Amino acid sequence: MEHTIAQTTPAPAPMADAQCERDALGAALTYNQLLDSLSPELFRDPSCSAIFTAARAVRSAGGEADVVGVMAWSAAHQAGISPEALTSLFDRPNPASPFARNLARLRELAARRRMAAVASLARAAATSEVVGLRQAVEAVAEGLRSVDTAAGPAGAEWSVDLAKPCPGPTFLLSQDGVGFMPRGDLQAIKAKSKSGKSLLSAVLAASVLGCAAFGISSCCGQAGVVYFDTEQHPRSTMRLVRRIHAMLGWHTDRNNPRLAAYCLRAMPMAERLPFIRRTVERARPAAVFIDGVADLLADFNEVGQSTALIGELMRLSAGADCAVCCVLHTNKGDGDHGMKGHLGTLLLQKASEVFEVTRRADDFVVEQTDCRNRPVAPFAFSITDSGVIMPVEMGRGQAAAEVRAARLTAVMRESFGPNPELTYGELCEAVAVHAAVSGRTAKRKVTEARAMGILAVDRHTEKYSLKGG
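A. The arrangement of helix 8 (residues 234-248) in detail. Over its 15 residues, helix 8 runs 21 Å from end to end, which matches the ideal 21 Å to within 8%, given 1.5 Å per residue. For helix 8, the set of buried residues is S236, T237, L240, V241, R243, I244, H245, M247 and L248. In this fold, the buried residues of helix 8 make contact with helix 7 (197-208), strand 5 (225-229), strand 6 (259-263), strand 11 (379-383) and strand 12 (389-391). Note on helix 8: the residue one or two positions beyond its end, G249, has a positive phi of about 75°.

Right, dumping it as C-alpha cells:
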C-alpha cells in the first residue's frame, strides 16, 4: 500500500501592513523629526500614502505637520484626505515607543515587494523568448541591488551617518551667553532634605517661561512647562505653582496654559510613569520637571528598576524633544554629595547637567556640579517673608566666587582625608567619589583648585597637597 506524503505550501508572506503604516505615521505626526526617516515606498495603503505626502510637504514648507497642518494642505491641494483616517492615527496610547520596530517592518515589506517584482521579471526571462536574456539579467541584478538598499543593513536605524547634518544642542536657558538645559536630555537637581530642591525647580521653570530676574534668559519663546510633584501635599504643590506665577507676573488665582502642574502623591506608584509619559506626549512642552523621581519606582537601590526608569526617561526626553529635569535627594552624610541609591548613580551618568542646592542662612546657593557642555556660574536666591522667591545680589552674603571657593576647598579636604599628599590620578579619583561627579568634571575641579591656590604641587614628586593643610 502506497502512502503519499502531503506537501504543504507555505503561506505567502505579507506584502503590506496597514496598521504598521498607521502607527508609524501617528508617531511621525506627533514628533515631526521622525518624518525624515520615512519614504514614499514604505506606504502601500492609499490613505497612509496620501497623508505622508501631505505631511512631508507641510514639513518641507516649514510648517507643523500635525492634524491641522495636514488637513489644511489637503484642502488647498484637493488631496481628499479623510479627517477620520487622519485622527485614527492617534488611537494608540503611545505611538512613538515602537517607531524603530515599525520602521524596520515597513522597510522589510518594501524590500519584499521589490523582490516580488524582481522574481516576476526573472520568471518572465526564464519562460519567454520574447524577453531578452542579457537585458533581463541586468534588470534582475539592478532590482536585487534596490532590494538590498530598501531592506537596509542590519541596525540601520541606529547607525551614525556622518553625511547627515547634526545640529548642536538646543538650550532652553542661557546665562551670560552660556547655554544650559538642552532639549532631548536629562538634568538633575540634588540637595539634602529641605534644602531648596523644589524651590530651584520653580526658579528654573519660571526662567524657561520667561522670568529674567535671576540673570538667566529663556531661549525657547512661548514654549510650555509641565511640572510633576510626587512628594508633596497638594497644598504645597499649589503654593509652589503660585510662586512660579508670581515670578512671571501672572495671576496667582487661576492657571496659565503655558504651565501645567500635577500632584501625583495620591496616585498609585505603578500608574505615575505611564501618566507622565502620556501627559508629556500630549502637551509636548519644552521642559518637564519631576519633583521626586525616586517615587516612580519601588526601590531606588535596585539596579534593574533604576536602569529601566532612567532608560524610559531618556526615551521620553528624546522622543518628545524636551528637557526632563529630575529632582532627587543626596545621601544623608554631611560630606556625601552623591544622589541616593543606584538611581542616583545612573542619573549622574546620564544627565547632561547636575545642579546642587545648598542652604546658607537665609539664602539658597546653586552650583552646577556636573555638565557635558560649558558650565554656568553659581547663583543664589532667597524667600521673602511673604513667600516670594527673589534673586540674591552678588554683593549680598558670600559672592558667587567665594561660595565656589569654599565648596571647592571642602571637597578637596574631604578628598585628601588623612593623606598629606596624593598623585594627580589618586586625587581625581577621590574628588569624583567625594563630590559625586564624573571623572572629567573631577579633573576640571582639581585644575580649578590649583588655579585658585587651594592646592600645591611638589616640583620633584609632582604630588598634590592642600596649601596650609
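B. Geometry of the nonpolar core. Residues L38, F228, I290, V293 and L347 are the most contacted members of the largest nonpolar core, which totals 58 residues. Discounting chain neighbours no more than four positions away, the residues touching L347 are L186, A188, I310, C326, L328 and M339.

C. Looking closely at the pairing of strand 9 (residues 353-360). Looking at chain direction, strand 3 (residues 186-191) and strand 9 are connected through four bridges and run parallel. Among the inter-strand pairings, Q187 is bridged to a residue of strand 9, identified as E353. Note that strand 9 and strand 10 (residues 363-371) share eight bridges and pair antiparallel. Within strand 10, the residue paired with V354 across the bridge is D370. Connecting strand 9 to the next strand, strand 10, in antiparallel fashion are two residues, including A361 with a positive phi near 55°.

D. Representation of the sheet that holds strand 11 within the structure. Pairing is mixed in the open sheet, where nine strands are placed in the order 6-5-7-8-3-9-10-11-12. Bordering the open sheet on either side are strand 6 and strand 12, each of which pairs with just one other strand. Across the sheet, the mean angle from the axis of one strand to that of its neighbour is 20°, orientation sign disregarded. Alignment of strand 5 against strand 7 (residues 287-291), held across five bridges, turns out to be parallel. Within strand 7, the residue paired with V226 across the bridge is V288.

E. Geometry of the sheet that holds strand 2 (residues 178-182). Pairing is antiparallel in the open sheet, where three strands are placed in the order 2-1-4. Edge strands, defined here as strands with exactly one partner in the open sheet, are strand 2 and strand 4 (217-218). Pairing geometry for strand 1 (residues 171-175) and strand 4, over two bridges, is antiparallel. Directly across from L173, in strand 4, lies its bridge partner S218. Across the sheet, helix 7 touches strand 1, strand 2 and strand 4, and the angle it forms with strand 1 is around 100°.

F. Here's a closer look at the pairing of strand 5. Within strand 5, five of the five residues are buried, which leaves the element mostly enclosed by the surrounding structure. Here strand 5 pairs with strand 6 via five bridges, running parallel. Residue F228 lies in a different strand from strand 6, and its bridge partner there is Y262. This β-α-β element, strand 5 to helix 8 to strand 6, shows right-handed connectivity.

G. Geometry of the pattern of salt bridges. On inspection of all chains with the given rule, the structure shows nine salt bridges. Shared partners join several salt bridges into a network, and the residues in it are R277, E312 and R315.

H. View of the state of the cysteines. Within the structure shown, the criterion is met by zero disulfides. Summary of cysteine pairing: C48 is not part of a disulfide, and the nearest cysteine sulfur, belonging to C20, is at 9.8 Å.

I. Quick look at unusual backbone geometry. Unlike most non-glycine residues, Q78 shows phi in positive territory, near 50°. By the secondary structure assignment, Q78 is in the loop between helix 3 (67-77) and helix 4 (83-87). Judged by its relative accessible area of 75%, Q78 is exposed. Positive phi values are uncommon outside glycine, yet K194 reaches one of about 60°. Tracing the backbone shows K194 in the loop between strand 3 and helix 7.

J. Representation of the packing of helix 13 (residues 424-434) against helix 14 (residues 439-451). Between helix 13 and helix 14, whose axes approach to 8 Å, the crossing angle comes to 115°. In this view, helix 13 runs roughly perpendicular relative to helix 14, as classed from their interaxial angle. Seen along the crossing, helix 13 lies across helix 14 with a hand that is right-handed. Counting all contacts with helix 13, which are made through Y424, L427, C428, V431 and A432, the residues of helix 14 involved are A442, K443, K445 and V446. Tallied by class, the residues present in the contact of helix 13 with helix 14 amount to seven nonpolar, no polar and two charged.

K. Focus on the packing of aromatic side chains. Using the criterion set out here, one finds eight aromatic pairs in the structure. Considering the side-chain rings of Y227 and F289, the 6.2 Å spacing of their centres and the 25° angle between planes classify their relative orientation as stacked. With Y227 in strand 5 and F289 in strand 7, this residue pair connects regions lying 62 residues apart in the sequence. This pair shows no difference in class: Y227 is buried, exactly as F289 is. For the pair F228 and Y262, a centre-to-centre distance of 5.5 Å together with 20° between the ring planes defines the contact as stacked.

L. Molecular detail of the packing of helix 7 against helix 8. Two elements in contact, helix 7 and helix 8, have axes separated by 9 Å at closest approach and are oriented at 40°. Classified by chirality, the crossing of helix 8 by helix 7 is right-handed. Contacts between helix 7 and helix 8 involve S198, L199, A202, V203, A205 and A206 from the former and L240, R243, I244, M247 and L248 from the latter. Of the residues contributing to the contact of helix 7 with helix 8, the split by class is nine nonpolar, one polar and one charged.

M. Geometry of the environment of R44. Here R44 is to be found in the loop between helix 1 (18-30) and helix 2 (46-60). A sequence separation of 29 residues divides R44 from M15, and the C-alpha atoms of the two residues are 8.9 Å apart. Beyond its immediate sequence surroundings of up to four residues, R44 is in contact with M15, A16, E21 and R113.

N. Fine view of the environment of V68. Structurally, V68 can be placed in helix 3. Given a relative accessible area of 64%, V68 falls into the exposed group. Residues V68 and P83, 15 residues apart in the sequence, show an inter-C-alpha distance of 9.8 Å.

Scoring rules and cut-offs
Residues numbered from 1 in each chain as written. Predicted model: local features only at pLDDT ≥ 70, side-chain atom pairs only at ≥ 80, totals over all residues. Heavy atoms only, no water. Helix = DSSP H or I, 4+ residues; strand = E, 2+ residues; numbered from the N terminus. Expected span 1.5 Å × (residues − 1). Buried < 20%, exposed > 50% of the residue type's maximum accessible area, 1.4 Å probe, protein only. Contact = heavy atoms within 4.5 Å. Core = buried A, V, L, I, M, F, W, Y, C linked by side-chain atoms within 4.5 Å. Pairing = 2+ DSSP bridges. Axes fitted to C-alpha atoms, helices over the stretch in contact; angles between N-to-C directions. Right-handed = clockwise from strand over helix to strand, strands pointing away. Salt bridge = Lys/Arg side-chain N within 4 Å of Asp/Glu carboxyl O. Disulfide = S-S within 2.5 Å. Parallel < 35°, antiparallel > 145°, perpendicular 65-115°, else oblique. Left-handed = near helix turned anticlockwise from the far one by under 90°. Nonpolar A, V, L, I, M, F, W, Y, C, P; charged D, E, K, R; others polar. Phe/Tyr/Trp six-rings, centres within 6.5 Å; stacked < 30°, edge-to-face > 60°.

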